[in-house]
Amino acid sequence: MPNETYTLTVTSDKITIEAVTQTGVIRAAQTLLQLASGTNDNGGTASLQGVVITDWPAFKVRGFMHDVGRSFLSFDELKREIDNLSRFKVNVFHWHLTEKLAWRFEVKAYPQLTAAENMTRYAGQFYTQDQCRELVDYAAERGVTVIPEIDMPGHSAAFKTAMGFDMQSDEGVAALKVVLDEVAEVFADAPYIHIGGDEVTITYPNFLQTMADYVRGKGKKVVMWNRLVAGPPTAALCDMTQMWATSGRVVSGLPNIDCRYNYTN
C-alpha cells in the first residue's frame, strides 16, 4: 500500500501540501474538504482555519467490502460509494464478485457464468470487464485500491450451476485458472486477488495451494479468509489473511485484516 503521510499547512495567504506519494496529496485534499465543510452555509465563500496538520494512518488497510454476489449495485452507485470511501480516507474497496446466488464478473471464456438463468438473485445483473477497469481507475484517482474476490471453492453454487461441474474437480480447477487469467488482466493494477477459501471442506488435493500458486504466477499476492474449515491459512497459502468473525486467528509473519462482524446486510 502506498505511503499516505502528508503535511497540510494553511496560512492567511497560502495552502501548502507536502507528501511523499500522490496518495498523500489525495488525503490532504480530503482533509481540506472537511475543514471547509459547513463554513459556507449561507451560500458565501468557504473559509479555512489556519492549521498545520501532519497526518498518517494507524492502519495500512482500512477497507470496505461490498458483496455484490448476494446483492447488486448499479455502476453509478458503486462510483458514489468510492467517492464516500475516499472522503473518509478508507483506502481499500474489497469487491466480492461471486457467490452461490450469482456470479457478477464477466468472463469472456464462459459467458454462461453471468447468464440470467444461472442466478437466483438480481438475475442477469453483472459487471462487464470494461466497467471493472473503469472502476479501478476511478478508485485509483481517489486513493482507493480495489481488491477483487473470486470465492473458491466455497460459495460457488452459481459456478456449478453454470458450468455443470464443481470447482473441486479437474475441470473446475482448469476453468478457474482461465477465470483468474481474465481477472488478473482486468485488474492489472490490483496488488492482491482474494480467493476466499472459507466455509467448505477441501476435498480436491492441494486445491488452495494450486490456486494460490497460480495467482502468484500472475504477479499478484493472495488474500484468503481466516478462518478456513481446517483452521487459519498458512503463509504458504496466502500473503494476507482476513479474519472473519471471532474465529479468525492471527497468522504470524503475515498482514492480518481484522474483520469481525462489521457487516451491514
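Remember, predicted model here, so these are calculated numbers, not experimental data.

## Some details on the pattern of salt bridges
Then step 1. Tallied over the entire structure, the rule returns 13 salt bridges.
Then step 2. A salt bridge links arginine 27 to glutamate 4; its shortest N-O distance comes to 2.6 Å. Pair noted here: arginine 27 is in helix 1 (residues 22-36) and glutamate 4 is in the segment before strand 1 (6-10), with a separation of 23 residues, a long-range link.
Then step 3. Looking at arginine 27, the relative accessible area reads 2%, which means it is buried.
Then step 4. One salt bridge in this structure joins aspartate 83 and arginine 142, with 2.8 Å as the shortest N-O distance. Note that aspartate 83 is positioned in helix 2 (residues 75-87) and arginine 142 in the loop between helix 3 (129-141) and strand 6 (145-152), a separation of 59 residues in sequence.
Then step 5. On the accessibility criterion, aspartate 83 (31% relative accessible area) is partly exposed.
Then step 6. Taken together, the shared-partner salt bridges connect Glu4, Arg27 and Arg62 into one network.

## A closer look at the environment of serine 37
Then step 1. Within the secondary structure, serine 37 sits in the loop between helix 1 and strand 3 (51-55).
Then step 2. Residue classification places serine 37 among the partly exposed residues on the basis of a relative accessible area of 36%.
Then step 3. From its side chain, serine 37 meets the backbone oxygen of leucine 33 in a polar contact 2.7 Å long.

## Examining the nonpolar core
Then step 1. The biggest cluster of nonpolar side chains holds 55 residues, and the ones touching the most others in it are Trp95 and Phe187.
Then step 2. If one sorts the elements of this core by residue count, helix 5 (residues 170-186) sits on top with 8 residues.
Then step 3. For tryptophan 95, the residues in contact, after removing those within four places along its chain, are His66, Val68, Leu78, Tyr127, Cys132, Leu135, Val146, Ile147, Pro148, Glu149 and Phe187.

## What to know about the sheet that holds strand 3
Then step 1. The strand order 2-1-3 describes an open sheet built from 3 strands, whose pairing is antiparallel. Here the strands that pair on one side only, and so sit at the sheet edges, are strand 2 (15-19) and strand 3. When strand polarity is set aside, the average angle formed by the axes of neighbouring strands in this sheet is 5°.
Then step 2. Helix 1 rests against strand 1, strand 2 and strand 3 of the sheet, and its axis sits at about 40° to strand 1.

## Let's talk about the pairing of strand 4 (residues 63-67)
Then step 1. Alignment of strand 4 against strand 5 (residues 92-96), held across 5 bridges, turns out to be parallel. Directly across from aspartate 67, in strand 5, lies its bridge partner histidine 96.
Then step 2. The handedness of the strand 4 to strand 5 crossover, carried by helix 2, is right-handed.

## Describing the packing of aromatic side chains
Then step 1. Applying the stated criterion across every chain yields a total of 9 aromatic pairs.
Then step 2. Residues tryptophan 95 and tyrosine 127 carry aromatic rings whose centres are separated by 5.1 Å and whose planes lie at 55° to one another, so their mutual orientation is tilted. With a gap of 32 residues between them, tryptophan 95 in strand 5 and tyrosine 127 in the loop between strand 5 and helix 3 connect regions that are remote in the sequence. There is no split in this pair, since tryptophan 95 and tyrosine 127 are both buried.
Then step 3. Their ring planes at 85° and their centres at 6.1 Å tell us that tryptophan 95 and phenylalanine 187 sit as a pair that is edge-to-face. Residue tryptophan 95 is located in strand 5, and its partner phenylalanine 187 is located in the loop between helix 5 and strand 7 (192-196); the two are separated by 92 residues in the primary sequence.
Then step 4. Three or more aromatic residues joined by ring pairs form one cluster here, namely Phe72, Phe93, Trp95, Phe105, Tyr127 and Phe187.
Then step 5. When the ring centre of tyrosine 138 is taken as reference, the NZ or CZ atom of arginine 142 above it lies at 3.5 Å.

Each value, and the rule that gives it
Residues numbered from 1 in each chain as written. Predicted model: local features only at pLDDT ≥ 70, side-chain atom pairs only at ≥ 80, totals over all residues. Heavy atoms only, no water. Salt bridge = Lys/Arg side-chain N within 4 Å of Asp/Glu carboxyl O. Helix = DSSP H or I, 4+ residues; strand = E, 2+ residues; numbered from the N terminus. Buried < 20%, exposed > 50% of the residue type's maximum accessible area, 1.4 Å probe, protein only. Polar contact = N/O pair within 3.5 Å; in protein donor to acceptor, adjacent residues only side chain to side chain. Core = buried A, V, L, I, M, F, W, Y, C linked by side-chain atoms within 4.5 Å. Contact = heavy atoms within 4.5 Å. Pairing = 2+ DSSP bridges. Axes fitted to C-alpha atoms, helices over the stretch in contact; angles between N-to-C directions. Right-handed = clockwise from strand over helix to strand, strands pointing away. Phe/Tyr/Trp six-rings, centres within 6.5 Å; stacked < 30°, edge-to-face > 60°. Lys NZ or Arg CZ within 6 Å of the ring centre and 35° of its normal.

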